[in-house]
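# Survey of secondary and tertiary structure
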Amino acid sequence: MSAHPDGYALLKEIIDFSASSLPIETKLEKILQCITDGFQSDRSLHLRPEAILKDGFLSRVAEEKKPLWVDEERPFQEEGVLAEERDLLCPAFGCIPLSDEISFQGIFYIGFSKGRTFSSSEIELLLLLAKEIGATIRNDQLHRVAEDHERRVRQFSTLWELNKALLTTVHFERIVHMTLTAITIGDGLGFNRAMLFLVDEKGHVVKGTMAVGPNSAEEAGKIWSALSQRKGNPSELVAQLESSTENHSILNSIVKEIEVPLEHEQCILSRTVLEGRPFNIRLSFEGEEWVQTRCERGCALSSEVGCYVSEHLSRNPKIYAFATIPLWGKGKVIGVILVDNLFNRNPITDEDIRYLTMFSSQAGLAIENALLYRNLEEVHQELKEAQTFLVHQEKMAALGELSTSIAHEIRNPLVSIGGFARRLDRTLPADASEKRYTRTIVKEVERVENILSHILTYTQDEAICVKTLDLREVMEESLSMISEGLRNGGIQLVKTFSEQTPAVKGDYYQLKQAFFNLVSNAYESMRGEGRLSIRIHPYKKNGASFVGVEVEDTGGGIDPEALHHIFNPFYTTKDNRLGLGLPIIHKVVTSHQGQIEVDNHPGSGATFILTFPAQEEKEK
Amino acid sequence: MKRILVVDDEESIRLLYKEELEEEGFVVEVARDGLEALQRLPLFKPDLITLDIKMPGLNGIETLKRIRETERQIPIVMCSAYGEYKQDLTTWASDAYVVKCADLTELKNTIRRLLGVL
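Residues numbered from 1 in each chain as written. Chains lettered and ligands numbered in written order. Predicted model: local features only at pLDDT ≥ 70, side-chain atom pairs only at ≥ 80, totals over all residues.

Another point: the overall build of chain B. Assigned secondary structure in chain B consists of five helices and five strands. For chain B, the sequential pattern of α-helices and β-strands runs β-α-β-α-β-α-β-α-β-α. For chain B, buried positions account for 39% of its 118 residues. (Helix = DSSP H or I, 4+ residues; strand = E, 2+ residues; numbered from the N terminus. Buried ≥ 20, exposed ≤ 12 C-beta atoms within 10 Å, placed from the backbone.)

Given below as structure tokens:
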């Protein structure tokens, strides 16, 4: 015996390391070093179960579960030693299997280059130490299992919370936002960004619908630190996030632009839908093993989405990892969830994918329900509009029929009354007092005839004579029809006609009548004083071109009570008026596929905004 | 002297038109419906006809067709409270279309233009 280790001190040292929070590899290293030092041995090793080769002497030790001691008193039987094991054979060594009833943690080995004899107390101490090593390894394994379980419990509780939260609403946007947020908050899946693409069956495309995630690493940092300060379970967090984030992020707008045809079978998005399975993809331009075949557009993903990914979604396309998960509705894929860890670069594990798949099957049903509900709402709204329109049409048709027949019946007697009154008037001497009566009859008949022709203009479906028109010219014509009396007051006319105003297809006379009504209404509302602004300009909406015609007056606006009725025929607030001016405008504008809106400011003025679809370039 | 046949189912209108047009120096006869107009045509031999549209029995449009079967040259002025036939009738078979109005200036001008008496 060359050295006699202090057993208690050594054991205490080892237990201290075992109980420390060091990683298992370091712990074992330190413990083995202590033993080597304590016994002044040449080396001590932990041989892991997978390192023990079959049919060698070590495997015999493991099978027999009995320690092997070799020293001057106990020579080694050199049978069945593998070439790889020869290195372990030295004048004195010990091999102690680390096992209990259930598991086997390998073999503890201690070797001496000089011959010696193990005393019984040394053997006892080494057995004790080996037991401690085994316990340390087992503890670590248990700890890992416990951690894993804890994580699963957390994940399931997120899933459960999300499920509860999803049940609270059928609002599509909210459900999608909640789902994507749950994917990105720390206690949930903790991905940096999540995007949803939905299948549009009519268009046979996958369309970007919504994205949740920070625009930059800085923003990501802010959000994470804010999140860590928030308390509450995931559904509360989701609700808080939902109320606090208006989703106007750059990412969201990029994703909404993405549209991939399902025929693009190379595209990961299409493939996720068509094959109905998740994809976990990591791109690296250097590491050969990850590089995919290049698609036609030259991105590193064998897919169209790769183009978007490398061009838009990732700022550092050299390393980019993302995963796609199909979103299942009832028996079919209704969309794709795409997740990535752009900012913290955490790898996406198969475990993540499994969990996400579980998650997406829940979210899928909720999203599908919300979609159905939204469709239902849309259809309901359309039906309501159609009903209102039909009722209006029916009213108009009835009114039209009625007034046409009335107009005809009244016109004939009017011709006689007015005609004979004129004859009478002509026969009377210029100074006759009866002349006043005949004049009145003639004038009143004229008024009634005017009313009749107004009614007939409104109710008759005059054929539209379509021509290419410049609305600026039509407006100028209408302005020239305004009577002197109205024009010569203290009213300032401001015309702003854009040079770029495109042509419009329409009926010249009808539009002239509509503009005339609009402008004379505005003039009349100002009672001789104020400012009349007329603006004509082009504008674009959803990619289509329109011409806007705005007539703004300072005539005190429209009484809010009256606002709902102004387009109803025969509604008027002015004396001696039939109330067909605005209904005629409305009729003309809608028959030109245009729209009319009122921007009303009671007390100051009103702006009538008319929009007409511009004639398409190629038609010119 | 130019001869005008006024066809209208309303007596007051017939009277008004007759007096007004006679004052303008025309010889005027009246008919109360299409059938009567067709009967008077060969005897009276008018230079111009004013034709109401809505009449009991043979209406203005039918009458117009019948007249045109034999008389292709006589100018015919449609007079109606309805404005909607204006385009159809003027392009098809009548020479003018006047919407009825207490002020007969338009009617008189139309007649003078068609008869070439200004």
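With respect to the element layout, A:Glu29 can be found in helix 2 (residues 24-39). For the pair formed by A:Glu29 and A:His46, sequence separation is 17 residues and the distance between their alpha carbons is 8.9 Å.

The interface of chain A with chain B comprises 18 residues on the first partner and 14 residues on the second. Where the side of chain A that touches chain B is concerned, the elements lending two or more residues are helix 11 (350-427) and helix 12 (435-459) of chain A. In terms of residues, the side of chain A that touches chain B owes the most to one element, helix 11 of chain A, which gives 13 residues. The class makeup of the residues in the side of chain A that touches chain B is seven nonpolar, six polar and five charged. (Contact = placed C-beta atoms within 7 Å. Nonpolar A, V, L, I, M, F, W, Y, C, P; charged D, E, K, R; others polar.)

Turning our eyes to something else, we now look at helix 17 (residues 581-591) of chain A. All names here are of chain A. Across the eleven residues of helix 17, nine count as buried, placing the element largely inside the fold. Within helix 17 the residues assigned to the buried category are Gly-581, Leu-582, Pro-583, Ile-584, Ile-585, His-586, Lys-587, Val-588 and Val-589. After helix 17 finishes, the residue Gln-593 shows a positive phi value of roughly 55 degrees.

Let us look at the sheet that holds strand 2 (residues 27-31) of chain B. All names here are of chain B. With parallel pairing, five strands are arranged side by side in an open sheet as 2-1-3-4-5. Pairing within the sheet leaves two strands with one partner each, and these edge strands are strand 2 and strand 5 (96-99). Going across the sheet, the axis of each strand differs from the next one's by a mean of 20 degrees, ignoring polarity. By the bridge criterion, four bridges tie strand 1 (residues 3-7) to strand 3 (residues 48-52) in an arrangement that is parallel. By the bridge assignment for strand 3, Leu-5 is matched with Ile-49. Here helix 2 (residues 34-44) sits on the sheet and contacts strand 1 and strand 2; the angle it forms with strand 1, its principal contact strand, is near 165 degrees. Its contacts with the sheet place helix 5 (residues 105-115) against strand 1, strand 3, strand 4 (76-80) and strand 5, and it is angled at close to 170 degrees to strand 5. (Pairing = 2+ DSSP bridges. Axes fitted to C-alpha atoms, helices over the stretch in contact; angles between N-to-C directions.)

We now examine the sheet that holds strand 16 (residues 595-601) of chain A. Residue and element names in this part refer to chain A. The mixed open sheet is built from five strands, whose spatial order is 12-14-15-17-16. The sheet terminates laterally at strand 12 (490-497) and strand 16, the two strands that pair on one side only. The sheet shows a mean angle of 15 degrees between the axes of neighbouring strands, direction not considered. Strand direction decides the pairing type here: strand 14 (residues 529-541) and strand 15 (residues 544-552), joined by nine bridges, are antiparallel. Across the sheet, residue Tyr-539 finds its bridge partner in strand 15, namely Phe-546. Taken strand by strand, helix 15 (residues 508-526) contacts strand 12, strand 14, strand 15 and strand 17 (605-613), and its axis lies near 145 degrees from that of strand 14.

Another aspect to go through is unusual backbone geometry. A negative phi angle characterises most non-glycine residues, just as the trans form characterises most peptide bonds. In the Ramachandran plot, A:Gln593 falls in the positive-phi region, its phi being about 55 degrees despite a non-glycine side chain. Positive phi, normally seen in glycine, also occurs at B:Lys45, with a value near 50 degrees. Positionally, B:Lys45 belongs in the loop between helix 2 and strand 3. On the basis of neighbour counts, which here come to 11 C-beta atoms within 10 Å, the residue B:Lys45 falls in the exposed class.

This brings us to the packing of helix 1 (residues 7-19) of chain A against helix 2 of chain A. All names here are of chain A. Closest axis-to-axis distance for the helix 1/helix 2 pair is 9 Å, and the angle between their directions is 170 degrees. Our classification of the angle between helix 1 and helix 2 gives roughly antiparallel. Counted together, Leu-10, Glu-13, Ile-14, Phe-17 and Ser-18 of helix 1 and Lys-27, Lys-30, Ile-31, Cys-34 and Gly-38 of helix 2 form the full contact between these two elements. Residues of the contact of helix 1 with helix 2, tallied by class, amount to five nonpolar, two polar and three charged. (Parallel < 35°, antiparallel > 145°, perpendicular 65-115°, else oblique.)

A few words on the packing of helix 4 (residues 120-167) of chain A against helix 5 (residues 172-184) of chain A. Residues and elements named next belong to chain A. Two numbers describe how helix 4 lies on helix 5: the axes approach to 10 Å, and their chain directions differ by 170 degrees. By the criterion of interaxial angle, the relationship of helix 4 to helix 5 is roughly antiparallel. Between helix 4 and helix 5, the residues in contact are Thr-158, Leu-162, Ala-165 and Leu-166 and Ile-175, Met-178 and Ala-182, respectively. A per-class count over the contact of helix 4 with helix 5 returns six nonpolar, one polar and no charged.

Residue and element names in this part refer to chain B. Confidence in the prediction for chain B averages 87 pLDDT; 91% of positions are at 70 or higher. When mean pLDDT is taken per element in chain B, strand 1 scores highest with 96 and helix 4 (residues 86-92) scores lowest with 62. Among the scores for the predicted complex, ipTM is 0.89 and pTM is 0.45. (pLDDT = per-residue confidence, 0-100.)

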